[in-house]
Every structure is written in C-alpha cells, then in structure tokens.
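Breakdown of the fold
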Amino acid sequence: MSTILVMGGAGYIGSHTALELVKAGNDVVIADNLVTGYRSAVPEGARFYQGDLRDIGFLDNLFKTEKIDAVIHFAAYSLVGESVTNPLKYYDNNLCGTKVLLESMVKNGIDKIVFSSTAATYGEPENIPILESDRTCPTNPYGETKLAMEKMFDWTAKAHGLHYVSLRYFNACGADESGNIGEAHNPESHLIPLILQVPNGKRDAISVFGTDYDTPDGTCIRDYIHVTDLAQAHILAVQYLMNGGKNDIFNLGNGVGYSVKEVIETARKVTGHPIPAVEAPRRAGDPARLVASSEKAKKILGWKPVHDSLEEIISSAWKWHKNHPDGYAEK
C-alpha cells in the first residue's frame, strides 16, 4: 500500500482525487491551508494536516512524521481574472510555494510528484485539438506560474533526480456520484456552477460572453472533463511513476468540445428549469475553441474518461449544487 500526500486535498479536484485514492486502498495524507479548501471535503480515512505550502517547517515536519511515497500537488490559486489583477499573489503562492515544497522533498528524500497543471499554459492555441508538443505562450499570470512550475520540476529533476508528471487539464466539472462533495468556489467563475445557480434561485439568468465567435453557434467551445475522471488520471500517473515511468507531460480532456449554448441547453434539460440566458460582450482573452488531444495519456497512462457525456457531468453537478446551494456549511 502506497502512502500518498495530496497537497491542496481539501479543494475541489484535490478532494475528489483523495476520495478515489482512499477507495482504491491507498494510505492518504492531506495537507491544506483551507484558504480555498474545506475541511468537510476531506474524505473519511485520510489523515489531515492544516498548514501552508510556503512553510518549510510545516512540510519538513510532515515528511518526518509520515513516510510519503509520492506527492500529488494541487495547492495553487487558480482564478485567471484574479491572477491578472493580483499577479504577485499568484507568484508568491504558486511559484514560491512550489519552490519550498520541492526544497523540502529533496531534503527529505521524496522523489515522486504528480502536478496539477493547466491548459492555460498554452495560451491561444495554434491547433485544435491541442497536443502536448504545441507552443506554450500563456496569456495570464495563472498560466504563466503553472508553466514556470512545470519548468521548475524539470530542472529539479535534472539536478536532484526528481520524478514528475505534469497533467495539463481543461475544464474540470461535475461532482462525485455520492453528491457529498462537489465544486464550491467563492467567487464562482466556472460556467456549469454559474448556470446551476439559476435553477437554485441564486441568480436570475446566465450571461453568455460573446455570441460572434467563429464556431457553429457563435459561442465559445470548451473541453469539459468530469472531476472523477481527472482524479483517476492522477492515480494512474502516480502508478506510472512508481513503476519507473519517465518524466512527462500529459493533456487531460475528453477530446470533444461543447459550446456555451450547448452546456446551457443540457442544463435546462437536466434541471427542468428554463434558465434564461443574456447575451453579453466578449471577455478579453477568451479563445474561441479549447479542445485537448488526450491520446498520449490514453496510450501511456492507460487513462480513459468514463463520465464523458455532458448530461452525466451536469447531472452529477446538479445533484451536489441542489443539495448544497451554499456549498460547504463550514470552512
């Protein structure tokens, strides 16, 4: 049985990954500062430590207390808009925090890490679907810090023998089938939870930013991937490193793009609510299409998205949001 440390394991994707790790019979340790995570999202059976990524004393102590085989790193701020208005917050937490984590890992002889990266490392895509070998040219500080973190792993690998996998994923969505954990951001910026605020009585209508894109219905197309499928990819990446896999980067998406209008229409069908939509001007920096090629992850990691229908994704999200209209009851 492996002991896996999930940094940021009280957050959205981290908690779903921790839950899947526990279900698979792993020994799971979670560290989170609870700035954006929730204590009640931590699954039963996982040991929880509250502390900050940037606190080397906390990390050293954790690595001395627990015999960690591998780290999965989710501990980063991830709001694109906020990263533009407050870039130094993102450099401090995402970049400086990762530097401290790697310092502590090297010092304590822990040499395997799976990293939660992002499609934002690509910026405006040159090709669709996007391949791992495509140009990386982020258009915001969030993507820039994640790309710099990837490079930090690479240089640390060369200097200290670190083994890493970076997973660049697209639009994470949905919730665990139990409906007990799900997405809870404050402020919320993701499309599906925002749409579901309408049937939940939290907003009157959903805004559609731009209807004149070069797409079949004029709205942006995105690649939506169920959070449980993402969680499975992280587990496969840990196994891959444990089995001696080489350092690598993988895209995670379902390879199918859905437009904003299609997502709203599916949500109407799932919830039985009319969900009024209001057209609004384009937002700066929104590419028309973002769709991943996940062929490499399928081939090398043996990953296959299971919950890939838009209806299933939105149904699982609705199950969570309907029963938790205000998210988690406490921090």
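Everything discussed here concerns the structure shown above.
Treat the numbers as computed from the prediction; the structure is a model and nothing was measured. (Residues numbered from 1 in each chain as written. Predicted model: local features only at pLDDT ≥ 70, side-chain atom pairs only at ≥ 80, totals over all residues. Heavy atoms only, no water.)

So, the packing of aromatic side chains
This structure, assessed with the given rule, holds six aromatic pairs. Considering the side-chain rings of phenylalanine 153 and tyrosine 164, the 6.0 Å spacing of their centres and the 25° angle between planes classify their relative orientation as stacked. On the criterion of sequence distance, the pair formed by phenylalanine 153 in helix 5 (residues 141-160) and tyrosine 164 in strand 6 (residues 163-169) is long-range, its members being 11 residues apart. Looking at phenylalanine 153, the relative accessible area reads 0%, which means it is buried. (Phe/Tyr/Trp six-rings, centres within 6.5 Å; stacked < 30°, edge-to-face > 60°. Helix = DSSP H or I, 4+ residues; strand = E, 2+ residues; numbered from the N terminus. Buried < 20%, exposed > 50% of the residue type's maximum accessible area, 1.4 Å probe, protein only.)

Examining the sheet that holds strand 1 (residues 3-7)
With parallel pairing, seven strands are arranged side by side in an open sheet as 3-2-1-4-5-6-10. Pairing within the sheet leaves two strands with one partner each, and these edge strands are strand 3 (47-50) and strand 10 (248-252). Here the strands of the sheet are splayed against their neighbours by 20° on average, with no regard to which way each runs. Both strand 2 (residues 27-32) and strand 3 contribute to a ladder of four bridges, which runs parallel. Paired with aspartate 32 across the two strands is glutamine 50, which belongs to strand 3. (Pairing = 2+ DSSP bridges. Axes fitted to C-alpha atoms, helices over the stretch in contact; angles between N-to-C directions.)

Re the pairing of strand 1
Put simply, side chains in a regular strand alternate between the two faces of the sheet. Most of strand 1 is tucked away: five of the five residues are buried. When strand 1 meets strand 2, the two strands line up parallel, connected through five bridges. Looking at the pairing, isoleucine 4 lines up with valine 28 of strand 2. With respect to chirality, the unit in which strand 1 leads through helix 1 (residues 12-23) into the neighbouring parallel strand 2 is right-handed. Alignment of strand 1 against strand 4 (residues 70-73), held across four bridges, turns out to be parallel. Paired with leucine 5 across the strands is valine 71, a residue of strand 4. (Right-handed = clockwise from strand over helix to strand, strands pointing away.)

Structural notes on the pattern of salt bridges
For the coordinates displayed, the defined rule picks out 21 salt bridges. We note a salt bridge from aspartate 212 to arginine 282, for which the minimum N-O separation is 2.9 Å. Placement of the pair is aspartate 212 in the loop between strand 8 (206-209) and strand 9 (221-226) and arginine 282 in the loop between strand 12 (277-280) and strand 13 (289-290), with a sequence separation of 70 residues. We classify arginine 282 as partly exposed; its relative accessible area is 46%. Here aspartate 286 and arginine 283 are joined by a salt bridge, their closest N and O atoms 3.0 Å apart. A single salt-bridge network, built from bridges that share partners, covers Glu20, Lys23 and Asp176. (Salt bridge = Lys/Arg side-chain N within 4 Å of Asp/Glu carboxyl O.)

Quick look at the packing of helix 1 against helix 7 (residues 227-242)
The interhelical angle for the contact between helix 1 and helix 7, taken along N-to-C directions, is 65°, at an axis separation of 8 Å. Crossing angle aside, the handedness with which helix 1 passes helix 7 is right-handed. Within the contact between the two elements, helix 1 uses Tyr12, Ile13, His16, Thr17, Glu20 and Leu21 and helix 7 uses Val227, Thr228, Leu230, Ala231, Gln232, His234 and Ile235. (Left-handed = near helix turned anticlockwise from the far one by under 90°. Contact = heavy atoms within 4.5 Å.)

Some thoughts on the side chain of threonine 156
Note on placement: threonine 156 falls in helix 5. Dropping the residues within four chain positions of it, threonine 156 is found in contact with Leu102, Val106, Gly161 and Leu162.

Focus: unusual backbone geometry
The omega torsion across isoleucine 128 and proline 129 is -5°, close enough to zero to call that bond cis. Of note, proline 129 is situated in the loop between strand 5 (112-118) and helix 5. The residue after asparagine 186, namely proline 187, is reached through a cis peptide bond having omega 0°. With respect to the element layout, proline 187 can be found in the loop between strand 7 (171-173) and helix 6 (191-196). Phi is positive for leucine 34, close to 60°, though the residue is something other than glycine. Along the polypeptide, leucine 34 turns up in the loop between strand 2 and strand 3. Unusually for a residue other than glycine, isoleucine 275 sits at a positive phi of about 45°. For isoleucine 275, the location among the structural elements is in the loop between helix 8 (260-271) and strand 12. By relative accessible area, which is 0% here, isoleucine 275 ends up buried.

A look at the pairing of strand 6
Taking burial as the measure, the seven residues of strand 6 include six buried ones, the bulk of the element. When strand 5 meets strand 6, the two strands line up parallel, connected through seven bridges. In the strand pairing of strand 6, serine 117 is matched with arginine 168. Once you follow strand 5 into helix 5 and on to strand 6, the crossover reads as right-handed. Both strand 6 and strand 10 contribute to a ladder of five bridges, which runs parallel. For arginine 168, the partnering residue across the bridge sits in strand 10 and is asparagine 251.

Distances and angles like these do not, on their own, reveal function.
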